[in-house]
Amino acid sequence: MGLQRGFVSSDRRFKKPPSGVDHGTLERWQHSSRIMEITERAGVLAARAGEENILDVLLARGWIGAVEREAGMKFRLDYHMAGLEVRVVGSYSPARGGVNNFSVMDERTDAEEAAYQRWRNAMRVLGPALNDLVMTVACHDQWPASQQTLRVKRGLMVLAKWYRVQKTEGR
């Protein structure tokens, strides 16, 4: 009868990368490189996009260090966990008059409130000279002007001290 082959799929979704690491969908990598790093919780290698946000780009260009990037990411995480990001609310119903679409912002969970307090305290530590600039760069992914890069680095260093981010070996 001859040699029989096992089932083979020509669908790209079912082909695994040779390294065995989960790389996610192909669309994830169309604009960036891949970085392999150890995950904090599982201790296994995971792939992430090399330029997920502006802090990654600043790190890749050597304008900030790994410690400053990590502090900026913690600041960004608190911002998003507190639910402070811009919300777009739309409704096609004409009967929604008088409804406050942003009332959800007033009702935070305990975790959201804790993240909000951390973010607010970090904003206080940055002070009025740096807080708006660092928030614009770290939380909103806006590119700093060339004359602002030193102030962004200084603000991220202040955050690193406040979040107690230390340089680890290998970074």
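Placed above this text is the structure.
The shown structure was predicted, so the numbers you read here are calculated from the model rather than taken from an experiment.

A. Seen up close, the overall build of the protein chain. For the protein chain, the count of helices and strands is 5 helices and 2 strands. Overall, the protein chain shows an N-to-C arrangement of helices and strands of β-β-α-α-α-α-α. A buried classification covers 29% of the 171 residues belonging to the protein chain. For the protein chain, restricting intrachain contacts to residue pairs at least 6 apart in sequence, the fraction spanning at least 24 positions comes to 54%.

B. Up close: the packing of helix α3 (residues 110-126) against helix α4 (residues 131-138). At a minimum axis separation of 8 Å, α3 and α4 run at an interaxial angle of 130 degrees. As far as their axial angle goes, α4 and α3 are oblique. In this structure, α3 contributes Trp119, Met123 and Leu126 to the contact, and α4 contributes Asn131, Val134 and Met135.

C. Just the packing of aromatic side chains, in detail. A complete count under the given rule lists 5 aromatic pairs for this structure. For the pair Phe75 and Trp119, a centre-to-centre distance of 6.4 Å together with 25 degrees between the ring planes defines the contact as stacked. Pair noted here: Phe75 is in helix α2 (residues 66-81) and Trp119 is in helix α3, with a separation of 44 residues, a long-range link. Seen from their ring centres, Trp162 and Tyr163 are 4.8 Å apart, and the 85 degrees between their planes marks the pair as edge-to-face. Residue class for Trp162 comes out partly exposed when judged on its relative accessible area of 27%. These aromatic residues form a ring-pair network of at least three members: Phe75, Tyr79, Tyr116 and Trp119. Over the ring of Trp63 we find Arg61; its NZ or CZ atom is 5.7 Å from the centre of that ring.

D. Structural view of the pattern of salt bridges. Across all of its chains, the model carries 4 salt bridges by this definition. A salt bridge links Glu68 to Lys153; the shortest N-O distance between them is 3.6 Å. Pair noted here: Glu68 is in helix α2 and Lys153 is in helix α5 (residues 149-162), with a separation of 85 residues, a long-range link. Taking relative accessible area as the criterion, Glu68 reaches 10% and is therefore assigned buried.

E. Structural context of the environment of Thr136. Tracing the sequence through the fold places Thr136 in helix α4. Look at Thr136 and you get partly exposed, because its relative accessible area is 26%. Each C-alpha atom, one on Thr136 and one on Val152, is 9.8 Å from the other, the two residues being 16 residues apart in sequence. Filtering out sequence-adjacent residues up to four positions away, Thr136 remains in contact with Asp141 and Gln142. A polar side-chain atom of Thr136 sits 2.7 Å from the main-chain carbonyl oxygen of Asp132.

Reading the values: the criteria
Residues numbered from 1 in each chain as written. Predicted model: local features only at pLDDT ≥ 70, side-chain atom pairs only at ≥ 80, totals over all residues. Heavy atoms only, no water. Helix = DSSP H or I, 4+ residues; strand = E, 2+ residues; numbered from the N terminus. Buried < 20%, exposed > 50% of the residue type's maximum accessible area, 1.4 Å probe, protein only. Contact = heavy atoms within 4.5 Å. Axes fitted to C-alpha atoms, helices over the stretch in contact; angles between N-to-C directions. Parallel < 35°, antiparallel > 145°, perpendicular 65-115°, else oblique. Phe/Tyr/Trp six-rings, centres within 6.5 Å; stacked < 30°, edge-to-face > 60°. Lys NZ or Arg CZ within 6 Å of the ring centre and 35° of its normal. Salt bridge = Lys/Arg side-chain N within 4 Å of Asp/Glu carboxyl O. Polar contact = N/O pair within 3.5 Å; in protein donor to acceptor, adjacent residues only side chain to side chain.

Functional significance is not addressed by these values, which are geometric in nature.
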